[in-house]
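Results of the structural survey
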Amino acid sequence: MPVLTYLEAIRQGLWEEMERDERVFLLGEDIGVYGGAFKVTEGFLERFGEERVIDTPISEAAIVGAAIGAALVGLRPVAEMQFIDFISIAFDQLTNFAAKCRYRWGAAVPIVVRGPCGGGVHGGPFHSQNVEAYFFHTPGLKIVEPATPYDAKGLIKAAIRDDDPVLYFEHKYLYRRIRGEVPEGDYIVPIGKADVKRPGRDVTILTYGWMLHKSLEAAEIIASEGIEVEVVDLRTLLPLDDETILSSVAKTGRAVIVHEDTRTGGIAGEIAMRINERIFEYLEAPVVRVTAPDTPIPFSPPLEEFFLPQVEEIVQAVRWVANY
Amino acid sequence: MEEALTPKQLLDMYYYMKLTRLVEERLQRLYRQGKIVGGLYRSLGQEGESVASAYALEEGDFLAVMIRNLGALFVRGVRPWEIFTQYMGKGTSPTRGKDNIVHFGSVERGLIPPISHLGDLIPVMAGIALASKMQRKRSVALTYIGDGGTSTGAFHEGLNFAAVLKLPLIVIAEDNGYAYSTPKHKQMAIENIADRAIGYGIFGETVDGNDVIAVYQATRRAIRRAREGLGPTLLEVKTFRMRGHAEHDDAWYVPRELLEYWQKRDPILRLETYLKEHGLADETTFEEITHRIEQEIEADLRYAEESPMPDPQIALEGVYAESPSVSESPSISRESEVKARS
């Protein structure tokens, strides 16, 4: 099976969807002639032409708004945010327009808004954010964030084929650092399904994105102490896969939630609440979380490293719940 | 070249303007009787521009109204019962009670409903125009924005986007004097909104919004350019809001003289005068049309009043294409919990 980088897997998924369905088109800043700031769409303009690979003005609200309009009348737009931080400019279009169309008047808005998220590359406060929590609170949206090349390709395809608006967050730290086997040709990773990336019986780690890789490292370290960690990759953040989350935690009785996003109002809080409401009797220890602190994400390498959750913190959290 | 209107077309427009006014008058009574839920936003004095601009559209075109464009909806096939049920929050309303006022539509009918956030429709309608261009269709997209709404970022982003991509989009900018209580000069430092067209490199035009023939012809010109691939138009219509922002607002801040000035320029009165002067209609014609409308309104209002309120469970429906499993508290359902334990 071919081995691709995370970025190549996204590109292949997009490419195949554009080959498969002529209703699929791309719009965003510098995505055509330049091939995208991270080169995700390199070569697309040459293959698909400027009608389906549209270089736009710097107008995130117009990019997402126009995607909504085109989707309403039957197209399948994929809008790129050059950095996912800039999605805030399109917040209104996403939370008030796209998310509410089906509910208010029964109209489908099959758009995908994708872009690079996350830290680790010293991008500073405006090129490193994780924005899922802003949208996690909006019924009508779906949110996915793959951590592996396999999932990246399968989820971009699923997102494009989905009949609801999907936010597709791709972690820029993983773009060229993570490689993995990716089948040639068509397959999808269903939206709404988490994946057990490492089975274990003692403690469950629930995580996604870059933090999956740090959690797997932590699980490996702690295995030498005789603690078997089950690592669940959420993959879809909205809607959460309650079944996978709850059955894993009901089995281990101990849960650590790890996310790169900041702490207060982060997804970990909601997951912990669901565990509390539904399988409280199965818990052997309090549910804990490992997250970034409640600050903006700083620029300078020592500050950023301090801000980002590290493997050692995850190891300590797992140890703590295991020994509770 | 001006496109002349036939007598039938003029009478058609008269019907829609009058229908708009009489439906709103009825809504006002219902409002005072406490029979409608929420606020009432009237378009008194602005019926002409809404009707005439929408009347210039053809089959396959897309329309997105704002709150003071009820007349445009009627032109495109909406019936009074839809408005009454929307205002009453009935289960038979187009949104089944999920949204109110003119916030409804359907892609099949070419009607895209607004959200309350001003300006946001412009990028969306630009996207519809983009799709029309990509699919080699003749369709144009037309939407409205008030003088206040032109101060938003979405207005700028949408128009600039449509200009750069030369999209078949028509934006009718309604200068109706006030945005809620804020007069136009506190909204912008220019006299004519259409002047902004120069900055976008698109066509701009200002017309008398209470002259339905002028509005119709200017909209037709804009549509023709759009279909020919010449890009968007910012068409400004000068009109006036003759009531408050909504019925709770008595508009004490609007000088009497302004209201008197515009009262004399009422679009319905002006069309009546025109029709009479050209021998196309007389008082009997107007009375007949009014009588017909009153009967239509009575029947539709009866239907709305007799309609049931929505089933509360509808509140949970239609968030996603397929219903995801809802995370519930144990007191509500333990079904999933059992699954989790097994």
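The preceding data block contains the structure.
Right, let's walk through the structure included here. Since this is a predicted model, take the numbers as computed values, not measurements.

Focus on the sheet that holds strand E12 (residues 236–238) of chain A
Residues and elements named next belong to chain A. Taken in spatial order, the seven strands of this open sheet run E3-E2-E4-E5-E7-E6-E12, and their pairing is mixed. A strand with exactly one partner marks an edge of an open sheet, and here the two such strands are strand E3 (53–55) and E12. Adjacent strand axes in the sheet meet at a mean angle of 20 degrees, parallel and antiparallel pairs treated alike. Sheet analysis places strand E6 (residues 142–144) next to E12, joined by two bridges and oriented antiparallel. Looking at the pairing, Val144 lines up with Thr236 of E12.

Brief notes about the interface of chain A and chain B
The interface is formed by 48 residues belonging to chain A together with 51 residues belonging to chain B. Of the roughly 4,200 Å² buried where chain A meets chain B, counting both sides, 61% is carbon and sulfur surface. Three residues, Tyr103, Arg104 and Arg278 of chain A, lead the burial of chain A against chain B; their summed loss comes to 19% of the area buried on that side. The salt bridge partner of Arg104 of chain A is Asp99 of chain B, with a shortest N-O separation of 2.6 Å. Where chain A meets chain B, there are 16 residue pairs in polar contact (both at pLDDT 80 or more). Sorting the residues of the side of chain A that touches chain B by element identifies strand E2 (24–28), helix H3 (60–72), helix H4 (91–105), helix H8 (242–252) and helix H9 (267–279) of chain A as the ones contributing at least two each. When grouped by side-chain class, the residues that make up the side of chain A that touches chain B number 25 nonpolar, nine polar and 14 charged.

Remarks on the pairing of strand E13 (residues 255–262) of chain A
Residue and element names in this part refer to chain A. By the criterion of burial, E13 is predominantly enclosed, with seven of the eight residues buried. The pairing of strand E10 (residues 203–207) with E13 spans four bridges and is parallel. By the bridge assignment, Thr207 is partnered in E13 with Val258. As judged from the four bridges shared by E13 and strand E14 (residues 288–292), these two strands associate in the parallel manner. Bridging from a neighbouring strand, Thr262 pairs with Ala292 of E14. Where the polypeptide runs from E13 across H9 and back to E14, its parallel neighbour, the crossover connection is right-handed.

Quick look at the pattern of salt bridges
Residues and elements named next belong to chain A. Counted according to the given criterion, the structure contains 53 salt bridges over all chains. Linking Arg23 and Asp21 is a salt bridge whose minimum nitrogen-to-oxygen distance equals 2.7 Å. In this structure, Arg198 and Glu228 form a salt bridge, with 3.9 Å as the shortest nitrogen-oxygen distance. Here Arg198, found in strand E9 (residues 195–198), pairs with Glu228, found in the loop between helix H7 (210–223) and strand E11 (229–233); they are 30 residues apart in sequence, far enough to count as distant. According to the relative accessible area criterion, Arg198 is buried, its value standing at 17%. A relative accessible area of 24% places Glu228 in the partly exposed class. Several salt bridges share partner residues, and in doing so they unite Glu16, Glu17, Arg20, Asp21, Arg23, Lys153, Lys157, Arg161 and Asp186 into one network.

Rules behind the numbers
Residues numbered from 1 in each chain as written. Chains lettered and ligands numbered in written order. Predicted model: local features only at pLDDT ≥ 70, side-chain atom pairs only at ≥ 80, totals over all residues. Heavy atoms only, no water. Pairing = 2+ DSSP bridges. Helix = DSSP H or I, 4+ residues; strand = E, 2+ residues; numbered from the N terminus. Axes fitted to C-alpha atoms, helices over the stretch in contact; angles between N-to-C directions. Contact = heavy atoms within 4.5 Å. Buried area = accessible area lost by both parts, 1.4 Å probe. Salt bridge = Lys/Arg side-chain N within 4 Å of Asp/Glu carboxyl O. Polar contact = N/O pair within 3.5 Å; in protein donor to acceptor, adjacent residues only side chain to side chain. Nonpolar A, V, L, I, M, F, W, Y, C, P; charged D, E, K, R; others polar. Buried < 20%, exposed > 50% of the residue type's maximum accessible area, 1.4 Å probe, protein only. Right-handed = clockwise from strand over helix to strand, strands pointing away.

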